[in-house]
Amino acid sequence: MLRQVSRALALASLLCATASATYHQQFQQWNTQKALSQPDYTRLELASFDIASFQPIGSLSTLTDQFMVLGHPAFPKYSVRIKQSNFCDGSVAAYTGYIDVEARHLFFYFFESRNAPDKDDVIFWTNGGPGGSSSMGLFMELGPCRVVNSTTVVFNEASWNSNANIFFIDQPVDVGFSYAEYGEYVSTTEEAAKDIAAFVAIFFEHFSSFRGRAFHMAGESYGGRYIPLFSSAIYDQNIELVKAGLTPVNLKSAIIGNGLTNRFTQITSYYDMQCTAASVEPITDISTCIRMKQAIPRCQKLMRTSCINAFDPIGCDEAIQVCRMELQDPYWTSGMNVYDISKKCEGSLEETHCYPITKFIQGYLSQPEIRQKLGVDPSIPLDKPLSSHNVGLAFSGTLDILRPSDLYVAALLERGVDVLIYAGTYDWICNWVGNERWTLDLDWSGKDEFVKQNLTEWKVDGKVAGVTRSANGFTFATVNGAGHMVPYDKPWESLEMVNRWLKNRQL
Ligand SMILES: *[C@@H]1O[C@H](CO)[C@@H](O)[C@H](O)[C@H]1NC(C)=O
Ligand SMILES: *[C@@H]1O[C@H](CO)[C@@H](O)[C@H](O)[C@H]1NC(C)=O
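Residues numbered from 1 in each chain as written. Chains lettered and ligands numbered in written order. Predicted model: local features only at pLDDT ≥ 70, side-chain atom pairs only at ≥ 80, totals over all residues.

## Observations regarding the overall build of the chain
What the chain contains, in helices and strands, is 17 helices and 17 strands. Since a compact globule built from 507 residues should have a radius of gyration of about 23 Å, the 22 Å found for the chain is in line with a globular shape. C-alpha atoms of the chain, sized along the principal axes, occupy 70 × 60 × 50 Å. Within the chain, buried positions represent 51% of all 507 residues. Sequence-distant contacts in the chain: of pairs separated by 6 or more residues, those separated by 24 or more amount to 70%. (Helix = DSSP H or I, 4+ residues; strand = E, 2+ residues; numbered from the N terminus. Rg over C-alpha atoms; globule rule 2.2 N^0.38 Å. Buried ≥ 20, exposed ≤ 12 C-beta atoms within 10 Å, placed from the backbone. Contact = placed C-beta atoms within 7 Å.)

Following this line, the structure appears as structure tokens:
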């Protein structure tokens, strides 16, 4: 889920929590310094090592319900703790564990494919936020089971592990069951990408049955920023792995659902969502729509000057504040569901993210026996929320979302990594209009042919599921009648979409 990247909101919720104003001030100073300095690169240097010193584990089936620790001489700062934790699916093996990066620890779930685990592709999934736990993806969207109340889950027939092995990761540190021993934070996607790339390499190195297996990086919402950078980190790391005599990770594609990949096209497209029939009939009053329409050119000019042509952190932040006030706030403050323009928010954004089922996920995961089964670190409080405010704040402090992400998509496409951008048509916050716009604007060598394609209908069981455009490995698709969390609203259509993508790279 995408969290409001708003200073005011973040500040309010921080003050409601435990942190003091002094802490907040220090935090902001530290982050501003970070924002003003050069952003980090996603690339992680490999240590030099003796290949003969490495013994892979071989097969996942050697794991027991006790943690096994995996290291790799190329990544001396990293290790992976993994155990068998059969739960949730019941028909396939499930594993959980931590990626340990010195004092930082990232929690993950891994489920084998229901079809042919030894042959099927591997999918990596992350939810967004920044700060959202992937347990939302697992327990209410595309995972092998869904929560029905705080103590019960049921088998999900439409899970994405129907034809693929799949990871769910709580990242970066402080999200969900992930933690840091000394309160360290990751505050940029570039930093987060290094941990993910190292984890992926260690996993594929140890479990030799997965070596060379087709691999797909997938995510939703703020995943529109995470996934292009994470995939790029994995791609660049492959060059190092090959140099060191190791097998590269067979990264085939990136999959992004209702992503926030381009903040600038997204912010102006709120007008289309509210004041035209792009999704539902216009829902905002004419006077407000006129004001929004008039704000667009001014907002675009400000963003172009301070965010796009050159990146001036203070100017860009200011531009975004203006655009947000004019274009985002009218709907944001209306009490409608920001993730689904056809619905009211059930509960409040802070309490339920508009979906009461999220409270069940939190309740389910706070049961001590479930925690124990998963191997969750005992330091994680039982009432820890699904979303980390600290991570949201840290990322908003570095203006992470205002850095380019679509350029990474272009770079991946140039290198033969295919990209699927899909969007539920009812989502407001990361709506399909803004997503279609940046896919059409994107500069890459396949652009002309991509832009020439008309949107055509794609169908499931003879019924129209949405529209799609595809060329040269790049696919854009809508899913009719789905909000921000497509697999939650349209489980079968979303599974069919993913299966077709894995198989043929088009819908
Ligand atoms: C949860 O749902 C299950 C199955 O419907 C039911 O047996 C159980 O009583 C429910 N528990 C609670 C706390 O509502
Ligand atoms: C797209 O649609 C237009 C109008 O129907 C048609 O003229 C054009 O040939 C179509 N383009 C492609 C690539 O199919």
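## Considerations on the nonpolar core
Within the largest apolar cluster, 138 residues are counted, with the highest numbers of intra-cluster contacts made by F108, F167, A197, V200, F230 and V419. Per-element accounting of this core gives the leading share, ten residues, to helix α4 (residues 189-206). Each residue touching F108, except ones within four places of it in the same chain, is listed here: T96, G97, I99, F167, F168 and I169. (Core = buried A, V, L, I, M, F, W, Y, C linked by C-beta atoms within 7 Å.)

## Details of the pairing of strand β5 (residues 122-126)
Each regular strand carries side chains that alternate between the two faces of the sheet. Taking burial as the measure, the five residues of β5 include five buried ones, the bulk of the element. Burial along β5 is two-sided: the face carrying V122, F124 and T126 and the face carrying I123 and W125 are both buried. Here β5 runs beside strand β8 (residues 165-170); their pairing, made up of four bridges, is parallel. Within β8, the position partnered with V122 by the bridge is N165. (Pairing = 2+ DSSP bridges.)

## A word on the pairing of strand β6 (residues 145-149)
Of the strand pairs in this sheet, β6 and strand β7 (residues 152-155) are connected by four bridges, and their pairing is antiparallel. Its bridge partner being in β7, R146 is matched across the sheet by V154. From the end of β6 to the start of β7, which pair antiparallel, there are two residues.

## Here's the deal with the site of ligand 1
Around ligand 1 lies a shell formed by V148, N149, S150, T151 and T152. Its residues assigned to classes, the shell around ligand 1 shows one nonpolar, four polar and no charged. (Near = placed C-beta within 6 Å. Nonpolar A, V, L, I, M, F, W, Y, C, P; charged D, E, K, R; others polar.)

## Remarks on the confidence of the model for the chain
Residue-level pLDDT values for the chain average 89, and 92% of them are 70 or greater. Throughout residues 4-31 the model reports pLDDT below 50, and contacts reaching past four residues in sequence, or to other chains, amount to 23 contacts. (pLDDT = per-residue confidence, 0-100.)

## Remarks on the environment of N454
Within the fold, N454 resides in the loop between α15 (447-452) and β15 (456-460). With 6 C-beta atoms packed within 10 Å, N454 lands in the exposed category. Remark: the alpha-carbon pair of N454 and S53, spanning 401 residues in sequence, is separated by 54 Å.

## Quick notes on unusual backbone geometry
The residue after G129, namely P130, is reached through a cis peptide bond having omega -5°. In this structure, P172 follows Q171 across a cis peptide bond, with omega equal to -10°. For N258, which is not glycine, the phi dihedral falls at a positive 40°. Among the residues examined, N258 registers 32 C-beta atoms within 10 Å and is labelled buried. For L399, which is not a glycine, the phi torsion comes out positive at approximately 55°.

## Some remarks on the environment of S470
Secondary-structure assignment places S470 in strand β16 (residues 463-471). In this structure, the C-alpha to C-alpha distance between S470 and V451, residues 19 residues apart in sequence, is 8.9 Å. Ignoring sequence-local partners within four residues, the contact set of S470 consists of Q453, T475 and Q506.

## Thoughts on the packing of helix α6 (residues 263-275) against helix α8 (residues 313-332)
Look at α6 against α8: their axes get within 9 Å of each other, and the N-to-C directions meet at 35°. Considering the relative orientation of α6 and α8, their crossing is left-handed. Touching I267, T268, Y270, Y271 and Q274 of α6 are C323, R324, L327, Q328 and Y331, all from α8. Its residues assigned to classes, the contact of α6 with α8 comprises six nonpolar, three polar and one charged. (Axes fitted to C-alpha atoms, helices over the stretch in contact; angles between N-to-C directions. Left-handed = near helix turned anticlockwise from the far one by under 90°.)

## Describing the environment of S379
Mapped onto the elements of the fold, S379 is located in the loop between α11 (368-374) and α12 (389-397). What makes S379 exposed here is the crowd of 8 C-beta atoms within 10 Å.

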